Amino acid sequence: MELKKPMTIKEQLAKMKAHGMAIENEEEATRILSEINYYRLTGYVLQHRKEADKSEYVSGLTFNTMCQIYAFDEAIRDILRKYVEKVEIYYRTLISHSFSIAKCVPPPHDQHYDEANFFNKTGYAEVMDSFQKERNYYKDSLIVKHHKQKYGNKMPLWVIVELISFSNVSKLYNAMYLSEKQQIADVVGVGTKKLENHLHCLAVLRNKCAHAARLYNTEFNPPAQFTKQFLKKHPEIRNNTLFAYVLVLLKHLPDPAMKAQLASDISIVLDKFAEDIDLALIGFPQDYQNFLNQHL
């Protein structure tokens, strides 16, 4: 089967019109489509189709509405990226420090290179294989050169975690024995299984924000884990939504002031775009501010 024929921007506008979208200002729309991919933009109005498997839009949809939803997604992504970075740095520090103190104090201090110190050997091997690739990528950096020349190419774990992705930091935690996992989980007041899940969620959110992926009207995987009591008390909370991931992010920010600022930043951007967005499509309940405040 042949792929779709590429369209000029003029043809893209014509297609939008044919599907029922009103274009208020064609000159401005042309400029926007030259900067933002047609297929990226139209993903923000899938919920405005008359039928899920058809291309026609409901009456009243405008190009401006689509752009406002896109602008909201961009704004919330920018906010979340900043706070996910703080959590990422915190867990790189906590995981590497806790494991190193538990396992690497006796000489030769390189026990993190021994798979015997990890329960999930396959997961550990995947992380270390990725680390080797990252080290080769950064081979010209002063850090890599220093450890190659002085330590036979070995690095302490607290250096390694600065070179691997946050996804691999999450996998490294998953690969540890329960005793090391528990020490780390106790610091943040959650169970080991829940921390495994939350780190996975945070890595997914981090990657979506870093790569400008759509957050609006998106199902998140894996679903975030909450207590049975919380889900039973709040059946309106769906654990595969952006809101669920925001609650996870709030839970793991290390500083109460950061939590309060994140809740405030989210409220401001939601208020700004209130006329154009549907809270249900990001999993936010109408009284979302109460939920955010409960997690401060």
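The coordinates are above.
What counts, and where the lines are drawn
Residues numbered from 1 in each chain as written. Predicted model: local features only at pLDDT ≥ 70, side-chain atom pairs only at ≥ 80, totals over all residues. Heavy atoms only, no water. Core = buried A, V, L, I, M, F, W, Y, C linked by side-chain atoms within 4.5 Å. Buried < 20%, exposed > 50% of the residue type's maximum accessible area, 1.4 Å probe, protein only. Helix = DSSP H or I, 4+ residues; strand = E, 2+ residues; numbered from the N terminus. Contact = heavy atoms within 4.5 Å. Polar contact = N/O pair within 3.5 Å; in protein donor to acceptor, adjacent residues only side chain to side chain. Phe/Tyr/Trp six-rings, centres within 6.5 Å; stacked < 30°, edge-to-face > 60°. Salt bridge = Lys/Arg side-chain N within 4 Å of Asp/Glu carboxyl O.

Trainee: Mind showing me how you'd approach the nonpolar core here?
Mentor: Looking at soluble globular proteins, one finds that nonpolar side chains tend to be buried together. Among the nonpolar cores identified, the biggest contains 91 residues, and Phe-63, Leu-80, Leu-249 and Phe-284 are the most heavily contacted of them. The greatest single-element share of this core, amounting to 16 residues, is contributed by helix α4 (residues 63-103). Apart from residues lying up to four places away in sequence, Phe-63 is in contact with Met-16, Met-21, Ala-22, Ile-23, Glu-24, Ala-29, Ile-32, Leu-33 and Leu-41.

Trainee: Is there a simple way to think about the environment of Arg-214 in this case?
Mentor: Here Arg-214 is to be found in the loop between α10 (192-210) and α11 (228-233). Take Arg-214: its relative accessible area is 25%, and that puts it in the partly exposed class. Taking the C-alpha atoms as reference, Arg-214 lies 8.6 Å from Tyr-70; in sequence the two are 144 residues apart. When sequence neighbours within four positions are dropped, the list of residues in contact with Arg-214 reads Gly-43, Tyr-44, Leu-46 and Asp-73. Within the local environment of Arg-214, its side chain forms a polar contact with the backbone oxygen of Tyr-216, the two atoms lying 3.1 Å apart.

Trainee: When you look at helix α8 (residues 166-175) in this model, what are you seeing that I'm missing?
Mentor: A turn of α-helix holds 3.6 residues, and therefore any two residues three or four places apart point the same way. Burial analysis of α8 places 7 of its 10 residues in the buried class, which makes it a mostly covered element. Those residues of α8 lying buried are Phe-166, Asn-168, Val-169, Ser-170, Leu-172, Tyr-173 and Ala-175.

Trainee: I'm lost on the packing of aromatic side chains in this one. Help?
Mentor: Two aromatic rings, taken as a pair, are described by how far apart their centres are and by the angle between their planes. Scanning all chains against the criterion turns up 14 aromatic pairs. With a centroid separation of 6.1 Å and an interplanar angle of 80°, the aromatic rings of Phe-72 and Tyr-216 are classed as edge-to-face. Of this pair, Phe-72 sits in helix α4 while Tyr-216 sits in the loop between α10 and α11, and the two are 144 residues apart along the sequence. Both residues of the pair, Phe-72 and Tyr-216, belong to the buried class. An angle of 45° between the planes, with centres 4.7 Å apart, marks the rings of Phe-220 and Tyr-245 as tilted. Placement of Phe-220 in the loop between α10 and α11 and of Tyr-245 in helix α12 (residues 242-252) is noted, with a sequence separation of 25 residues between them. Looking at Phe-220, the relative accessible area reads 2%, which means it is buried.

Trainee: Hey, could you run me through the pattern of salt bridges in this one?
Mentor: Pairing of side chains with opposite charge becomes possible as their charged atoms draw close. Taken as a whole and judged by the stated rule, the model has 11 salt bridges. Between Arg-77 and Asp-73 there is a salt bridge whose closest N-O contact spans 2.8 Å. Placement of both Arg-77 and Asp-73 in helix α4 is noted, with a separation of 4 residues, approximately one turn of the helix. Both residues of the pair, Arg-77 and Asp-73, belong to the buried class. In this structure, Glu-196 and Lys-181 form a salt bridge, with 2.4 Å as the shortest nitrogen-oxygen distance.

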